[in-house]
Amino acid sequence: MGETKDVESATKTVLVDDIPFPQNITTVTTEKQLPLLGQGITDMEIHFLQIKFTAIGVYLEPEIASHLQQWKGKTGAELSQDDEFFAAVVSASVEKYVRVVVIKEIKGSQYMLQLESWVRDELAAADKYEDEEEESLDKVIEFFQSKYLKQHSVITFHFSATTPAVAEIGLEIEGQKDLKIKVENGNVIEMIQKWYLGGTRGVSPSTTQSLATSLGEILLQ
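Residues numbered from 1 in each chain as written. Predicted model: local features only at pLDDT ≥ 70, side-chain atom pairs only at ≥ 80, totals over all residues. Heavy atoms only, no water.

## Side note on the nonpolar core
Proteins that are soluble and globular tend to have nonpolar side chains buried together.
Link 1 in the chain: Judged by nonpolar contacts, the single largest core of 53 residues is most densely connected at F157 and L215.
Link 2 in the chain: Ranked by the residues each element gives to this core, the list is headed by helix α5 (residues 186–197), at seven residues.
Link 3 in the chain: Setting aside residues up to four positions removed in sequence, F157 forms contacts with K96, Y97, V98, V100, Y111, E168, I169, I192 and Y196.
Link 4 in the chain: Membership of the second largest hydrophobic core comes to 13 residues, among which are V16, I25, Y97 and I103. (Core = buried A, V, L, I, M, F, W, Y, C linked by side-chain atoms within 4.5 Å. Buried < 20%, exposed > 50% of the residue type's maximum accessible area, 1.4 Å probe, protein only. Helix = DSSP H or I, 4+ residues; strand = E, 2+ residues; numbered from the N terminus. Contact = heavy atoms within 4.5 Å.)

So, in structure tokens, the structure goes:
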């Protein structure tokens, strides 16, 4: 994965809840340009007020279309409800990059709590939660533990096409540099992908819908 930072093109941006996301990013490791194919937010309604937590951008190699041909002709609405489709997105051996921007500031430990709980439960349900998975997940928890995610802090997840058992998580926090960690457990990586790209059970329904619409259109080309 390398220690270099992925380059986000500043030329064109897409606003996701007033937060600019690059329309394309170019990864340093492979120099591939990945387009923004899905965007949305995480939020919660509390006492009739919508509380927004994060904005999300999903970047994928367009080559992913070759892995999804059996869904050609389906509408975005149909695809958004098809978890087998999103399982194919997760398992496709293409480069994937998820950019998460903090809207409501939060402690790193709080951000990680929900993700960790979901990943742990999913691994246990699939009978894949062994010592190696626990150790890998604990490293990620420790990475976030002491961080404070101010508004506009950025969390990135870079999933490799060639080494699916290695992923990189990065943090961009004002005043801090080169905050990165490698995740080297394929089962944990799969579940983190499913958290953001997992269809009806993913964390952000708006991102799921957006991604389904974009991929449906690509499949028709």
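From this point, the discussion proceeds with the structure in view.
## A look at the confidence of the model for the chain
Link 1 in the chain: The share of residues in the chain with pLDDT of 70 or more is 95%, and the mean pLDDT across the chain is 91.
Link 2 in the chain: Summarising per-element confidence for the chain, the mean pLDDT is lowest in strand β1 (residues 7–8) (50) and highest in strand β7 (residues 96–102) (97).
Link 3 in the chain: Note that residues 1–5 has pLDDT below 50 and, in this model, 18 contacts with residues that lie over four places away or in other chains. (pLDDT = per-residue confidence, 0-100.)

## What to know about the side chain of T54
Link 1 in the chain: On the secondary structure map, T54 appears in strand β6 (residues 49–60).
Link 2 in the chain: The exposure class assigned to T54 is buried, which follows from its relative accessible area of 7%.
Link 3 in the chain: Engagement of the side chain of T54 in a polar contact is seen with the side chain of T42, the distance being 2.6 Å.
Link 4 in the chain: When neighbours within four sequence positions are excluded, T54 is seen to be in contact with G40, I41, T42, V100, V101, V102 and I103. (Polar contact = N/O pair within 3.5 Å; in protein donor to acceptor, adjacent residues only side chain to side chain.)

## Things to note about the pairing of strand β12 (residues 179–183)
Link 1 in the chain: The side-chain alternation of β12 yields one buried face, formed by L179, I181 and V183, and one unburied face, formed by K180 and K182.
Link 2 in the chain: One ladder, built from five bridges, connects strand β11 (residues 167–172) with β12; its direction is antiparallel. Its bridge partner lying in β12, A167 is registered against V183.
Link 3 in the chain: Connecting β11 to the next strand, β12, in antiparallel fashion are six residues, including G175 with a positive phi near 85°. (Pairing = 2+ DSSP bridges.)

## Some points on the UniProt feature "domain: Chalcone isomerase" (unreviewed entry) in the chain
Link 1 in the chain: If you check UniProt for "domain: Chalcone isomerase" (unreviewed entry), the listed places come out as residues 16–217 in our numbering.
Link 2 in the chain: With 36% helix and 31% strand, the stretch residues 16–217 has end C-alpha atoms that lie 20 Å from each other. (UniProt positions renumbered as here; feature names shortened; annotations may be inferred.)

## Description of the pairing of strand β10 (residues 154–159)
Link 1 in the chain: Most of β10 sits out of view: six of its six residues are buried.
Link 2 in the chain: Across six bridges, β7 lies against β10 in antiparallel orientation. By the bridge assignment, R99 is partnered in β10 with T156.
Link 3 in the chain: The pairing of β10 with β11 spans six bridges and is classified as antiparallel.

## Structural notes on helix α2 (residues 83–91)
Link 1 in the chain: Residues F85, F86, A88, V89 and V90 constitute the buried set of α2.
Link 2 in the chain: As for α2, its buried residues are in contact with β6, α1 (76–80), β7, α5 and α6 (205–220).
Link 3 in the chain: Looking at where α2 begins, the residue whose side-chain oxygen comes 3.0 Å from the main-chain nitrogen of E84 is D82.

## Examining the environment of Q39
Link 1 in the chain: The topology assignment puts Q39 in strand β5 (residues 33–46).
Link 2 in the chain: Between the C-alpha atoms of Q39 and E105, which are 66 residues apart in sequence, the distance is 20 Å.
Link 3 in the chain: Among residues more than four places away in sequence, those in contact with Q39 are V16, I56, G57, S206, T207 and S210.

## Structural notes on helix α4 (residues 131–145)
Note that an α-helix has 3.6 residues per turn; residues three or four places apart therefore point the same way.
Link 1 in the chain: Taking 1.5 Å of rise per residue, the 15 residues of α4 would be expected to cover 21 Å, and the 20 Å separating its terminal C-alpha atoms lies within 8% of that figure.
Link 2 in the chain: Burial in α4 covers these residues: E133, S136, L137, V140, I141, F143 and F144. Burial along α4 is one-sided: seen end-on, the buried residues are contained in an arc of 155°. In α4, the exposed positions angled more than 90 degrees off the buried face are occupied by D131, E132 and E142.
Link 3 in the chain: In this fold, the buried residues of α4 make contact with α3 (108–125), β10, β11, β12 and α5. (Expected span 1.5 Å × (residues − 1). Arc of directions from axis to C-beta.)

## Concerning a negative patch on the surface
Link 1 in the chain: Side chains of D127, E130, D131, E132, E134, E135, D138 and E142 sit close together on the surface and give a patch of like negative charge.
Link 2 in the chain: Topologically, E142 is positioned in helix α4.
Link 3 in the chain: Overall, E142 belongs to the exposed group, its relative accessible area being 61%. (Patch = residues over 30% accessible without salt bridge, like charges linked within 9 Å, V, L, I, M, F, W, Y side chains within 5 Å. Areas by Shrake-Rupley, 256 points an atom, 1.4 Å probe, with all protein chains shown as cover. Salt bridge = Lys/Arg side-chain N within 4 Å of Asp/Glu carboxyl O. Lys, Arg positive; Asp, Glu negative; His and termini not counted. Charge placed at Lys NZ, Arg CZ, Asp CG, Glu CD.)

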